[in-house]
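Structural features, examined
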Amino acid sequence: MASPTRVLKLGTRGSPLALAQAREVRARLVEAHGLAAEAIEIVPIRTSGDAIQDRALSEAGGKGLFTKELDRALIDGGIDLAVHSAKDLPTVLPEAIEIAGYLPREDARDVFLSPRFTHLEDLPAGAVVGSASLRRQALARRLRPDLEIRLLRGNVQTRLAKLDSGEFDATILAMAGLKRLGLTGRVTAILAVEEFLPAVGQGAIAITVRREDAPVLAAIVPILDADTGLAVSCERAFLGVLDGSCRTPIAGHAHRLGDALEFRGLLLGPDGSEAVETLARSSTDNAVRLGEDAGHDLLSRASGALLAQIRAAP
């Protein structure tokens, strides 16, 4: 097992959740290698996605807005590794960068939050639900077409503040983020995977490195989780076939069942009225192929309107 022989610079977005994830990576590296915390420096980097708060990501450039500044710092040598929410990573990374792996996955489910109502099903007609995710918006519309869905951007604390002010009746967030921030007390209801399929990579912390940086890659290996790697590799392969972007409501979730991997995938129209879904299982040594086959299956069954939506995505 190799351990770092110099201070490692760990790049991250500067939001409270991103910093919590970076501290988790640092703590695991410190424990794995018997290091002092000072041996790993956390370097916050402001990304374009953090700077743009007045419109949906789909209108501003998509997922890469949360990663391109971190990618540049990694390529230029300003940082040695970068920590990301796996669901924020584009399907294609710069050639010089690779995903080293993932920490053990946290709860991947979405949760419903409301000061006044107990569940999405209990909201009155016309209630205002805030979300920045096209996937969550489409799923909410699929289950409750009578609701009003509005854009809600910002970090978790900002979204909760807008909920508390009465600007929104409810919102939907990731359980994993609330757990990492110690905010699970705000959860009103947990949404089952079967009814509200998570985003690809949701709940997983990804670590990216320079492709040729063998010492850093070796230092990270002890903290990586193989089962999470299998599941997210399957999900990202599915997303890659569909060429998913922030303009396309796509959901996908894989989990291990003994020697098998089970995958659920879903492609939706923006208003939730159209959807094609798949449920498949394969051996764990076939994770990428399982995701790719699921993606091709959905493409073969999607309507012309859904296919046009995918092809129009940048």
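To start, this report covers the structure provided alongside it. For clarity, every value in this text was computed on a predicted model and none was experimentally measured.

Calculation rules
Residues numbered from 1 in each chain as written. Predicted model: local features only at pLDDT ≥ 70, side-chain atom pairs only at ≥ 80, totals over all residues. Heavy atoms only, no water. Pairing = 2+ DSSP bridges. Helix = DSSP H or I, 4+ residues; strand = E, 2+ residues; numbered from the N terminus. Axes fitted to C-alpha atoms, helices over the stretch in contact; angles between N-to-C directions. Contact = heavy atoms within 4.5 Å. Buried < 20%, exposed > 50% of the residue type's maximum accessible area, 1.4 Å probe, protein only. Core = buried A, V, L, I, M, F, W, Y, C linked by side-chain atoms within 4.5 Å.

We now examine the sheet that holds strand β12 (residues 260–268). Sheet architecture is open: 3 strands sit in the order β11-β12-β13, paired in antiparallel fashion. Of all the strands in the sheet, just β11 (250–257) and β13 (275–283) have a single pairing partner and so form its edges. Taking the axes of each pair of neighbouring strands and ignoring which way they run, one obtains an average angle of 10 degrees across the sheet. Here β11 pairs with β12 via 8 bridges, running antiparallel. Of the residues in β12, the one forming a bridge with I250 is L267. Packing against the sheet, helix α4 (residues 134–143) makes contact with β11, β12 and β13, and its axis sits at approximately 80 degrees to β12. Along the sheet, helix α9 (residues 287–301) contacts β12 and β13; its crossing angle with β13, the most-contacted strand, is approximately 155 degrees.

A word on the sheet that holds strand β6 (residues 128–131). Spatial ordering of the open sheet is given by β7-β6-β8-β5-β9, a layout of 5 strands whose pairing is mixed. Looking at the sheet topology across the chains shown, the edges are occupied by β7 (148–151) and β9 (189–191). Shown here is a sheet whose adjacent strand axes are inclined to one another by a mean of 30 degrees, direction ignored. Sheet topology places β6 next to β7; 4 bridges connect them, and they run parallel. Looking at β7, one finds that V129 is bridged to I149. Packed onto the sheet, α4 meets β5 (110–113), β6, β7 and β8 (170–174) and runs at close to 130 degrees relative to β8. Lying over the sheet, helix α5 (residues 156–164) contacts β5 and β8, oriented at roughly 160 degrees with respect to β8.

Note on placement: T208 falls in strand β10 (residues 205–210). Judged by its relative accessible area of 1%, T208 is buried.

Turning our attention to the nonpolar core. Core analysis: the biggest nonpolar cluster contains 21 residues, and F112, L123, V129 and L147 have the highest contact counts within it. Within the residue set of this core, elements represented by two or more residues are α4, β8, β9 and β12. Once you skip the residues sitting within four places of it in the chain, L147 turns out to touch L120, L123, P124, G126, A127 and V129. By size, the runner-up hydrophobic cluster in this structure holds 20 residues, among which are I250, F263, V276 and L298.

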